[in-house]
Amino acid sequence: MNHICTWLCADEKGEESDFPQSGKKSSSQSHQNIYWRCLIVFYISSSRFNKEEKHLLFTNVKQLPIVDGKQVSDILKELGVEVIHVDFKYKTPKGYFGSFQNQFFEFSILEYIALNGKNEQDLYLIADSDCLFIKPAKRLFAEAVRQGFISFEIDSPVHHKINGLSRLDMQVLFAELLGKKVDEIPSYHLGEFLLCSNAHIRKLYADFLELWPVLLNRHQKGLSKLNEEAHTLSYLYFKNGWNAAAQNPFMKRIWTNPVFYRNVAPTDLRLTLWHLPAEKTFGIARLYDYLLFRLDNYGNNISDRSFLGLVRKATGIPRLRTTRRIRYYSISYYKAITKRILKYAGAH
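Calculation rules
- Each chain has its residues counted from 1, running along the sequence as written.
- Owing to the predicted nature of the model, reporting of local features is limited to residues with pLDDT of at least 70; listing and counting of side-chain atom pairs is limited to 80 or more, with chain, interface and lining totals taken over all residues.
- Based on all heavy atoms of the structure, the side-chain values leave hydrogens and waters out of the count.
- For the purposes of this entry, the term helix denotes a DSSP run of H or I that reaches at least four residues, the term strand denotes a run of E that reaches at least two, and both are numbered from the N terminus.
- We compute the radius of gyration over the C-alpha atoms and compare it with the globule rule, which gives 2.2 Å times the number of residues raised to the power 0.38.
- Exposed residues in this analysis have more than 50% of their type's maximum accessible area, buried residues have under 20%, and partly exposed residues fall in between, with area computed by a 1.4 Å probe over protein chains only.
- Any cysteine sulfur atom paired with another within 2.5 Å is treated as part of a disulfide.
- Note on method: axes are straight lines fitted to C-alpha atoms, helices fitted across the in-contact stretch only, with angles between N-to-C directions ranging 0 to 180 degrees.
- Each crossing is labelled by how the near helix is turned from the far one, with a counterclockwise turn of less than a right angle marking it left-handed and a clockwise turn marking it right-handed.
- By definition, residues are in contact when any of their heavy atoms lie within 4.5 Å.
- Classification convention: Asp, Glu, Lys, Arg as charged; Ala, Val, Leu, Ile, Met, Phe, Trp, Tyr, Cys, Pro as nonpolar; all other residues, Gly among them, as polar.
- What makes a patch is a set of residues exposed beyond 30% relative accessible area and free of salt bridges, joined within 9 Å when like-charged and within 5 Å when nonpolar (Val, Leu, Ile, Met, Phe, Trp, Tyr).
- Each accessible area is a Shrake-Rupley result for a 1.4 Å probe, and residues are judged covered by the shown protein chains and nothing else.
- Note on definitions: salt bridges are taken to be side-chain nitrogens of Lys or Arg within 4 Å of carboxyl oxygens of Asp or Glu.
- Expected helix span is computed as 1.5 Å times (number of residues minus one).
- Our arc is simply the arc of the directions from the helix axis toward the C-beta atoms.
- Pairing between two strands is assigned when DSSP locates at least 2 bridges connecting them.
- Residues belong to one nonpolar core when they are buried, are Ala, Val, Leu, Ile, Met, Phe, Trp, Tyr or Cys, and are joined through side-chain atoms within 4.5 Å.

> Explain the overall build of the protein chain here, please?
Tallying secondary structure elements over the protein chain gives ten helices and 13 strands in all. A compact globule built from 348 residues should have a C-alpha radius of gyration of about 20 Å, and the protein chain, at 20 Å, falls within 12% of that. Along the three orthogonal principal directions, the C-alpha set of the protein chain runs to about 60 × 60 × 40 Å. When each of the 348 residues of the protein chain is scored for burial, the buried share is 52%.

In structure tokens form, the structure reads like this:
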């Protein structure tokens, strides 16, 4: 069976992370509601196009909240999503790296699948909640079933640092972790996407259990380490000889905010899955409003073509209207100025 999953890991008080788009404490309900809205839109899009796949939500939240007057558990039940509670076991210590404290939650998910999955050929697609399906994932699963694995890389310059490590840094670090020379420059795999068979997940999890104490020890000694889940997955894939797909007609990390960086292209409409990291409080929020409050039955009464038109309008892909461009600039600059004022006030 094919599974489509996303996750939400709620930070507790005193263990907050810094999420620039939110501007709120990550332990607050108002911050977490941004991600509840995202994952609801994720499952609405997936359940529309992927009716034969089983949908799972992994979360450390024991009692799902009421968001915008609606009980999240009722929405997910109506969308056919099974909710699985997992404890967040692999927490990085304070100061491990940067803003995000919960990126290793994915390995608690892999632990659950490794220990509870019954069929080794079952496939699990795990994506970030700010992703959207615009087509069925059938071809994507068909590609993955050949080897029980598929992944995609970011073709970044070898010197370019992503979350603290460049690919040249990864080459040196991988050699230290493996205890042998690494001649090739490793790939940096997309961390927002994992698609593996249960058998592959068991191997990943077993290797991660060996790696985890090594990473904590290197952090304690001030040595370079794998800073986040994409670094870690890239290392585990490399260790096992699992290469990124030569072609990627399926998904893309699409940056949409013209204030910072925009890599939108007309060919994005041919993809299966969009990752929209800058749209949590913009396009995805607009889609949530339409699908929950303006359309009946989560928009399932409209055609796929109309749904895609709605998605295009909400996200500005591939064409961004002038009014929407102005909104990006005004909100982005407002948030930046507000953050600086708060930082200045805190310092004084």
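We are not done yet, so read on.
> What is the right way to read the state of the cysteines from this model?
Disulfides are covalent bonds that link the sulfur atoms of two cysteine residues. Considering all chains together, one arrives at zero disulfides under this definition. The closest cysteine sulfur to the non-disulfide-bonded cysteine 38 is located on cysteine 131, 9.7 Å from its own sulfur. Overall, the relative accessible area of 1% leaves cysteine 38 in the buried class. No disulfide involves cysteine 196; its sulfur sits 11 Å from that of cysteine 5, the nearest cysteine.

> Help me out: how do you make sense of the packing of helix α5 (residues 167–178) against helix α6 (residues 198–220) in this one?
For any two helices packed against each other, one specifies the crossing angle of their axes together with the interaxial distance. Look at α5 against α6: their axes get within 12 Å of each other, and the N-to-C directions meet at 115°. You can see that α5 and α6 cross each other, and the crossing is right-handed. Each of Leu173, Glu176 and Leu177 in α5 lies in contact with α6, whose residues at this interface are Leu211, Val214 and Arg218. The residue makeup of the contact of α5 with α6, split by class, is four nonpolar, no polar and two charged.

> What's the story with a nonpolar patch on the surface in this structure? I'm lost.
Together, Trp255, Phe260 and Tyr261 make up an exposed nonpolar region whose accessible area comes to about 370 Å². Mapped onto the elements of the fold, tryptophan 255 is located in the loop between β12 (251–253) and β13 (273–275).

> What exactly am I supposed to notice about helix α9 (residues 304–315) here?
Each full turn of the α-helix corresponds to 3.6 residues, which orients residues three or four apart in the same direction. Across its twelve residues, α9 extends 16 Å between first and last C-alpha, which sits within 8% of the 16 Å expected from 1.5 Å per residue. Buried within α9 we find Phe307, Leu310, Val311, Ala314 and Thr315. All buried residues of α9 fall inside an arc of 115° around its axis, so they share one side. Following α9 by one or two positions, glycine 316 adopts a phi angle in the positive range, close to 70°.

> Just checking my understanding: could you explain the environment of serine 26 for this structure?
Relative to the assigned elements, serine 26 resides in the loop between β1 (2–8) and α1 (29–49). Residue class for serine 26 comes out buried when judged on its relative accessible area of 2%. Residues serine 26 and alanine 10 lie 16 residues apart in sequence; the distance between their C-alpha atoms is 7.5 Å.

> Mind showing me how you'd approach the sheet that holds strand β7 (residues 131–133) here?
In a beta sheet, neighbouring strands are held together by backbone hydrogen bonds and run either parallel or antiparallel to one another. Spatially, three strands are ordered β7-β13-β12 in an open sheet, and the strand pairing comes out mixed. Each of the sheet's edge strands pairs with one partner strand only, and the pair in question is β7 and β12. Within this sheet the neighbouring strands show an average axis-to-axis angle of 15°, counted without direction. Two elements, β7 and β13, share three bridges in a ladder whose sense is antiparallel. Pairing of leucine 132 across the sheet is with tryptophan 274, part of β13.

> Can you walk me through the sheet that holds β1 in this structure?
Taking strand neighbours across the sheet as the criterion, the six strands line up as β5-β2-β1-β6-β11-β8 in an open arrangement whose pairing is mixed. Edge positions in the open sheet fall to β5 (81–85) and β8 (149–150), since each of these has one partner strand only. Summarising the sheet, β8 and strand β11 (residues 193–197) pair through two bridges and their orientation is antiparallel. Along β11, the bridge assignment pairs isoleucine 150 with leucine 195.

> What is the right way to read the nonpolar core from this model?
Note that soluble globular proteins tend to have their nonpolar side chains buried in a common cluster. Counting 58 residues, the largest nonpolar core has Trp36, Phe193 and Leu195 as the members making the most contacts within it. Counting residues per element, this core draws most heavily on α1, at eleven residues. The residues touching phenylalanine 193, leaving out its near neighbours within four places in the chain, are Leu125, Ile126, Leu140, Ile150, Ser151, Phe152, Met251 and Leu273. Counting 45 residues, the second-largest nonpolar core is a separate cluster that includes Phe58, Trp212, Leu226 and Ala230.

> Before we go on, may I ask you to explain the pattern of salt bridges in this structure?
A full pass over the atoms with the stated rule returns 16 salt bridges. A salt bridge links lysine 161 to aspartate 169, with the nearest nitrogen and oxygen atoms 2.5 Å apart. Aspartate 169 sits in the partly exposed class, given a relative accessible area of 26%. Among the ionic pairs, arginine 218 bridges to glutamate 176, the shortest N-O distance being 2.5 Å.

> Quick question: what am I supposed to make of the pairing of strand β2 (residues 54–59) here?
Across a regular strand the side chains alternate sides, sitting on one face of the sheet and then on the other. Along β2, five of the six residues are buried, which leaves the element largely enclosed by surrounding structure. In this sheet, β2 lies alongside β1 in parallel orientation, the contact comprising six bridges. Of the residues in β2, the one forming a bridge with histidine 3 is lysine 54. In the sheet, β2 pairs with β5 via five bridges, with the strands oriented parallel. Among the inter-strand pairings, phenylalanine 58 is bridged to a residue of β5, identified as isoleucine 84.

> Please clarify how unusual backbone geometry should be interpreted in this entry.
Glycine aside, residues mostly have negative phi, and peptide bonds are mostly found in the trans state. The peptide bond linking isoleucine 317 to proline 318 adopts the cis configuration, its omega dihedral lying at 5°. Residue position: proline 318 is located in the loop between α9 and α10 (322–347). Phi is positive for asparagine 297, which is not a glycine, with a value near 55°. Turning to its location among the elements, asparagine 297 is positioned in the loop between α8 (283–294) and α9. The exposure class of asparagine 297 is partly exposed, given its relative accessible area of 45%.

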